Every structure is written in C-alpha cells, then in structure tokens.
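# Examining the three-dimensional arrangement
Here's the letter readout for the chains.
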Amino acid sequence: MKKLIVIGGATATGKTALAIRLAQHFNTAILSADSRQFYREMSIGTAKPSTDELAAAPHHFIDSLSVVDDYSVGDFERDALAVLDKLFLKKDVAILVGGSGLYLRAVCEGLDKFPDISGESKKTVALGEKEGGLVWLQRELAQRDPVHFAKIDQQNPARLRRALEVCIETAQPYSAFLQQGKKSPRPFQPIYILLELSRPELYARIESRVDEMIASGLEAEARGLLPYRHRPPLSTVGYEEFFDCFDGKISREEAIGKIKQHSRNYAKRQMTWFAKHGDWKVFKPREEAEILALVNAGL
RNA sequence: GGUUUCCUGGCCGAGCGGUUAGGCACAGCUCUGCAAAAGCUGCUACAGCGGUUCGAAUCCGCUGGAAACCU
C-alpha cells in the first residue's frame with residue numbers, strides 16, 4: 001500500500017522545512033495543501049517556500065493559480081488525487097503538507113460529490129441575500145431542505161449560501177448529496193503528523209515571521225494586489241490589514257500589529273480544527289528523528 | 001494658587017435616574033466547495049469615599065488623577 005505522509009499544524013510551526021527534509025529522505029514530491037500558496041501573486045504574505053526550498057524538492061500546488069481564478073476544495077481534491085495517481089506510479093511515498101484542514105481532509109478522506117454550481121445559481125442566491133439578508137437565506141433553505149437546515153449553523157451565511165446554491169442548482173435538497181454511497185476509497189494510506197508548539201513559542205514565532213514578511217516587502221506585494229482586493233484569495237491575513245492601511249483607516253504600525261494579532265487568531269482556529277479532526281501523531285518541529293522513525297515503522 | 005473640562009471592563013466607546021449598549025482583544029468552540037474564510041459561546045465595567053433617592057455609571061459633596069486656560 002502506498003503511503004501519504006500528511007503534515008499538518010498551525011501557521012509558523014515549521015511544516016515547510018519538515019516536508020522538504022522528508023521529501024529528500026524519501027526522494028519524493030510534496031503536495032501543498034495551503035489554500036493561499038496556490039496563488040502566484042501572493043508569496044511574501046503566505047510564507048510560501050523560498051526559491052531554494054522549492055528547488056530542494058519537487059512541489060505541486062505552489063503558484064498553480066492566479067488570484068483571478070476560481071478554485072475550491074472540491075477542485076483541489078480532484079487535482080491532488082490526479083497528481084498522486086501519477087506520483088504513486090513511481091514512488092511508494094508522497095507528502096501532503098498544509099495548514100488548511102479542510103483541504104487535507106478532502107484529499108485523505110474525500111468529500112461527497114456535488115455538482116458544479118453555475119453562475120446563475122450563485123447570482124440568484126447573492127441577489128436574494130442582498131435583498132432579504134440572513135432571514136431570506138434561512139427561510140429559503142428551511143423550505144428547500146428542512147433536514148439540512150435543522151442540522152447546520154443557521155446564523156452562518158456562508159453555510160446557508162452554499163446549501164442553497166446546491167438546492168437551486170440541482171432542484172434537489174442539499175442533504176440528498178450527503179453520504180450518497182461511500183466516498184471513493186483512497187489508493188494510499190495516510191500517516192498523520194501534526195506539528196505543535198506551546199502557545200508562547202508559537203506566538204513568538206508568528207511575531208518574528210510577520211516582522212520578516214514586513215522586511216521582505218509585504219507592503220509592496222499587498223499594494224500590487226490592491227486591484228484584486230475583492231477576489232476571494234485576498235481575504236487573507238497580511239493583505240486585508242494593509243488594504244485598510246492604504247485606505248487610511250489604520251496606520252502602518254497598526255496594520256502590522258493587526259497582522260500579528262490576526263495570525264494568532266488564525267493559528268488558534270487551526271489548532272482547534274486539528275484537535276477535532278483526524279488521528280494525528282503529535283510532534284515538536286525539532287523531533288525529526290522521531291518523525292522519521294514513525295514513518296519508517298508505517299512503511 | 002485660581003477657573004474650567006474630564007476620569008466607564010485589557011483597549012476603543014455609548015450612556016445623561018431603573019437596559020447585558022456595542023466593537024476589538026483574550027479564552028473556548030463549530031465546520032463537506034470563498035476555509036488564512038464564515039459563524040457561535042464566555043468575559044456584567046463605570047477612579048475612591050460619603051450623600052440624595054424606592055432605585056445612581058448617570059444628581060450633590062469631598063478626596064485622588066488627567067488636560068486646558070488664567071495669575
């Protein structure tokens with residue numbers, strides 16, 4: 001059975017470095033599951049691997065998209081599986097790294113199959129929401145899919161929107177697509193490795209990493225992306241704060257402080273996700289020897 | 001020394017006799033296609049001391065602190 005080494009962890013825990021070491025050791029390639037490092041226009045603010053790091057091992061899904069492209073977890077699941085199929089023709093081990101929990105899960109466990117949503121359906125929902133707000137979304141979904149409506153967070157517009165889009169697109173309830181038969185089985189076995197740092201260590205690393213980003217020119221990168229600020233990938237820590245700064249809403253100093261703060265908030269959410277999803281073996285970033293031992297034991 | 005204004009939770013900030021204002025932070029959490037997103041929960045403070053009142057962050061007095069102006 002082929003093995004997929006899955007490396008998770010909050011931002012700034014050292015996932016990139018570990019992935020490269022393991023890729024070199026097993027002479028294999030890395031698949032990035034980072035929902036922001038896909039975009040070639042966003043490098044400094046996403047802590048993308050450096051040119052040297054990219055040269056140190058083959059990488060997939062870094063710079064694979066432009067901020068004007070539409071992309072979703074579903075697309076990623078499909079694309080990643082395709083890459084893995086090819087890779088496993090020649091290798092017994094591959095590596096999947098990233099901080100986007102849902103993306104990791106999509107590859108390892110799979111999501112239920114949903115049809116693509118047309119622009120029409122999205123427009124219908126957007127218009128309804130614009131005119132009727134959250135209440136409209138709630139009423140519509142309650143009517144079209146009472147089963148799912150009862151289960152989800154009814155205060156969360158993003159959840160309501162998505163379910164409603166599926167209902168409108170397919171003229172079937174969203175819940176009809178859930179667990180329709182089993183998710184397609186994976187031709188590999190994941191080995192889950194979670195990198196963890198103590199809260200103080202993590203926060204200190206986030207702080208210094210943000211300082212490095214600033215020194216490397218994050219502000220200029222953000223300025224260049226100002227025309228794309230309303231594209232989904234730009235709702236990202238490190239960019240939104242600078243947009244506010246360019247708008248004159250906050251000072252540069254405040255923006256930097258906010259970036260640090262929001263990175264901590266983000267890291268906390270990631271930790272919550274990883275704690276609740278998946279069967280992770282937890283390590284400190286320095287414990288490379290132990291990690292290798294674990295992986296070898298699994299081979 | 002005198003006059004005036006101000007003092008609200010970690011921070012910002014409403015309030016002007018009877019309400020948990022609210023936002024941010026912080027902490028905890030949710031999660032099947034915008035996921036670095038989006039959402040939920042917790043966090044009852046009014047500088048101190050007296051007084052008025054059925055009831056005071058809100059009115060009065062004293063004390064302390066801050067700012068402005070005057071001499």
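Below: a short report on this structure. (Residues numbered from 1 in each chain as written. Chains lettered and ligands numbered in written order. Predicted model: local features only at pLDDT ≥ 70, side-chain atom pairs only at ≥ 80, totals over all residues.)

Let us now look at the sheet that holds strand 6 (residues 281-283). Across the sheet, six strands lie side by side as 3-2-4-1-5-6; this open sheet has parallel pairing. Here the strands that pair on one side only, and so sit at the sheet edges, are strand 3 (59-60) and strand 6. Along the sheet, helix 1 (residues 15-26) contacts strand 1 (2-9), strand 2 (30-32), strand 4 (93-97) and strand 5 (188-195); its crossing angle with strand 4, the most-contacted strand, is approximately 175°. Strands in contact with helix 3 (residues 73-90) are strand 1, strand 2, strand 3, strand 4 and strand 5; relative to strand 4, the strand with the most contacts, it is inclined by about 155°. (Pairing = 2+ DSSP bridges. Helix = DSSP H or I, 4+ residues; strand = E, 2+ residues; numbered from the N terminus. Contact = placed C-beta atoms within 7 Å. Axes fitted to C-alpha atoms, helices over the stretch in contact; angles between N-to-C directions.)

The next subject is the pairing of strand 5. Pairing analysis gives eight bridges linking strand 1 to strand 5, with the strands arranged parallel. Note on strand 5: the bridge partner recorded for Lys3 is Gln189. Across three bridges, strand 5 lies against strand 6 in parallel orientation. When the bridges of strand 6 are listed, Leu194 appears paired with Val282.

Here the focus is the pairing of strand 4. Across the five residues that make up strand 4, a large majority, five, are buried. Burial along strand 4 is two-sided: Val93, Ile95 and Val97 and Ala94 and Leu96, pointing in opposite directions, are all buried. In this sheet, strand 4 lies alongside strand 1 in parallel orientation, the contact comprising five bridges. Residue pairing for strand 4: Lys3 is matched across the bridge by Val93. (Buried ≥ 20, exposed ≤ 12 C-beta atoms within 10 Å, placed from the backbone.)

Quick look at the protein's contact with RNA strand B now. The environment of RNA strand B is made up of 40 residues, and the closest members are Ser35, Thr46, Gly74, Asp112 and Pro232. The greatest single-element share of the surface near RNA strand B, amounting to nine residues, is contributed by helix 11 (residues 252-276). (Near = placed C-beta within 6 Å.)

Function-wise, these values are silent; they only describe arrangement.
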